[in-house]
Amino acid sequence: MHENPPADRQAYYARIDQAHMTPLWEVLHALVPREPKSAALPHLWRYADIRPAILESGSLIGAKEAVRRVLILENPGLRGQSKITNSLYAGLQLILPGEVAPAHRHTQSALRFVIEGSGAFTAVDGERTTMRPGDFVITPSWTWHDHGNDSTEPMVWMDGLDIPLVSFFEAGFAENYESDVQPLARPEGDALARYGAGLLPLGHAPQSRTSPIFNYPYARTREALEKLARAGDPDPWHGIAMRYVNPADGGWAMPTIGTWMQFLPKGFAGAPYRATDGTVFSCVEGHGKTHVFAPGGKLTTFEWGPRDTFVVPSWQWRRHEAAEDAVLFAYSDRPVQEKLGLWREARGNA
Ligand code: GTQ
């Protein structure tokens, strides 16, 4: 409230401080802001700029020793906190041919979004899936998972986890599996056939809050987006925007992280949009620009292309443009905010 409270108040604050109390009126506006004021900053990580450092990590430490050899993408406004937004984590994980990232499980949920390379696998609760660029792969909370690379190329994927959320709730548990690689219980493709073909086993009762599909292959997503784009009528703010769905309940694919794809047709000039979920974007195809307007009017423009990652903080206006057909993958904490009745969005003039 006051830069320098009067002496009698300061003396009073010092006295009540001894009893672990502090006056609300000095902090009320910060505690209950008129609107969100994210400490996070908009930022773009160009893959070409960071790729050498990612590959260099492969000569400094093995995947097994590191457990997960990942470079964390730290928001420049939140350094030292392992966060890309206030509630979410992002990292780029490298796995070299022949390497294994040993099996473990944790209550944090993870998504993998394949950036470079093809043919490495992740195994989740007894089933392996081969990962290809643009695939969206889920490791649900408390499921055993190990990663391996039987291909001949290095493989890099983006890890998106709800680490800051779970840490906020102080609900994190983790344990290692007894061996590096878990045994397989089902053939590859089982989950996609069982749950991802517009069918569900008769009488299916969900065992978890996460989608039973754990790899949403890009080939299928791309085909749907392409058809919808050709049909026309893109949303003026989002283009063709399609969320990943949990087929068992129609909700988001993950309980804590919302994921979707945006196809921006050639020449798309999106209208301004903002929402309370700080959002991470990864470009899959095409080139475009995103303008972000921070509070106070500071404009940041990102010129992105394939494999680049960028983040837009909560409640900052953003506007996408695409000079050619472009595809963006996105994730945020929207499912959590929706469940808590907090999520808001606003649309500028189209
Ligand atoms: O693959 O299990 O980037 O546990 C951070 C923590 C990846 C993983 C991360 C993890 C993982």
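Structural notes, computed from the coordinates. Along each chain, the written sequence defines residue order, and numbers are assigned to residues from 1. Under the rules for a predicted model, residues below a pLDDT of 70 receive no local features and side-chain atom pairs below 80 are neither given nor counted, while totals for whole chains, interfaces and linings still include all residues. Side-chain measures were taken over the full set of non-hydrogen atoms in the model, leaving aside hydrogen atoms and water.

Attention shifts here to the overall build of the chain. A run of H or I in DSSP becomes a helix once it reaches four residues, and a run of E becomes a strand once it reaches two; helices and strands are each numbered from the N terminus. Of regular secondary structure, the chain possesses eight helices and 22 strands. Each radius of gyration reported is based on C-alpha atoms, and the globular scaling rule is 2.2 Å times the count of residues to the power 0.38. The C-alpha radius of gyration of the chain comes to 22 Å, within 12% of the 20 Å expected for a compact globule of 350 residues. C-alpha atoms of the chain, sized along the principal axes, occupy 75 × 50 × 50 Å. The classification of residues rests on relative accessible area computed with a 1.4 Å probe and restricted to protein chains. Under 20% of the type maximum is buried, over 50% is exposed, and intermediate values are partly exposed. In the chain, which comprises 350 residues, the proportion classed as buried is 49%. Whether two residues touch is decided by their heavy atoms; if any such pair falls within 4.5 Å, the residues are in contact. If you take every contact in the chain between residues at least 6 apart in sequence, the share linking residues at least 24 apart comes to 76%. All accessible areas in this document rest on Shrake-Rupley with a 1.4 Å probe, and a residue is counted as covered only by the protein chains that are shown. A total accessible area of about 17,200 Å² is found for the chain, and carbon and sulfur atoms account for 55% of it. Positive and negative side-chain charges of the chain, numbering 34 and 40 respectively, have mean locations separated by a distance of 4 Å. Charged residues are defined narrowly, with Lys and Arg counted positive, Asp and Glu counted negative, and His plus the chain ends left uncounted. Charge positions are represented by NZ for Lys, CZ for Arg, CG for Asp and CD for Glu.

The subject of this paragraph is helix α7 (residues 218-231). Between the first and last residue of a helix there are one fewer steps than residues, each counted as 1.5 Å, and that sum is the expected span. When the terminal C-alpha atoms of α7 are compared, their 20 Å separation across 14 residues agrees well with the 20 Å that a helix rising 1.5 Å per residue should span. Among the residues of α7, those classed as buried are Tyr-218, Thr-221, Arg-222, Leu-225 and Ala-229. Along the axis of α7, the buried positions cluster into a sector of 95°, meaning they face one direction only. Counted as exposed and oriented over 90 degrees from the buried face of α7: Ala-219, Lys-227, Arg-230 and Ala-231. In the core, the buried residues of α7 are packed alongside β12 (215-216), β13 (240-243), β14 (258-264), β16 (279-285) and β21 (326-332). Following α7 by one or two positions, Gly-232 adopts a phi angle in the positive range, close to 85°. Here the arc refers to the directions that run from the helix axis out to each C-beta atom.

Let us look at the site of the ligand. For the ligand, the full set of nearby residues is Arg-68, Val-70, Tyr-89, Gln-93, His-104, His-106, Arg-112, His-145, His-147, Asp-159 and Leu-161. Here a polar contact is recorded for every N or O atom pair within 3.5 Å, except that within protein the pair must consist of a potential hydrogen donor and a potential acceptor, and residues adjacent in sequence are included only if both atoms are side-chain atoms. The separation between an oxygen atom of the ligand and a polar side-chain atom of His-145 is 2.8 Å. One nitrogen or oxygen atom from the side chain of His-147 is found 3.0 Å from an oxygen atom belonging to the ligand. Here the ligand has 290 Å² of accessible area as a free molecule, and 89% of this is covered by the chains. At the level of secondary structure, the elements contributing two or more residues to the shell around the ligand comprise β3 (89-95), β4 (100-106), β9 (145-149) and β10 (155-161). When its residues are assigned to classes, the shell around the ligand shows three nonpolar, five polar and three charged. Consider each residue's heavy atoms; a residue with any of them within 4 Å of a molecule or strand counts as near. Polar here means any residue outside two lists: the nonpolar Ala, Val, Leu, Ile, Met, Phe, Trp, Tyr, Cys and Pro, and the charged Asp, Glu, Lys and Arg; Gly therefore counts as polar.

Attention now moves to the side chain of Asp-146. Tracing the sequence through the fold places Asp-146 in strand β9. Within the buried core, Asp-146 has no salt-bridge partner, and the shortest N-O distance to an opposite charge, that of Arg-128, equals 5.3 Å. Setting aside residues no more than four positions away along its own chain, Asp-146 makes contact with Arg-68, Ala-101, Pro-102, Ala-103, Phe-121, Thr-122, Ala-123, Asp-180, Val-181 and Gln-182. One side-chain nitrogen of Lys or Arg within 4 Å of one carboxyl oxygen of Asp or Glu is enough to make a salt bridge.

Further remarks concern the sheet that holds strand β7 (residues 127-130). Strand pairing within a sheet occurs via backbone hydrogen bonds; the two strands may be parallel or antiparallel. Two strands qualify as a pair provided that DSSP identifies no fewer than 2 bridges between them. Within the open sheet, the five strands sit side by side as β7-β6-β9-β4-β11. Their pairing is antiparallel. Because the sheet does not close on itself, it has two edges, and the strands there are β7 and β11 (174-176). When strand polarity is set aside, the average angle formed by the axes of neighbouring strands in this sheet is 25°. Pairing analysis gives four bridges linking strand β6 (residues 120-124) to β7, with the strands arranged antiparallel. Within β7, the position partnered with Thr-122 by the bridge is Thr-129. Between the N-to-C directions of two axes lies an angle of 0 to 180 degrees, each axis being a line fitted to C-alpha atoms and, for a helix, fitted only over the stretch in contact.

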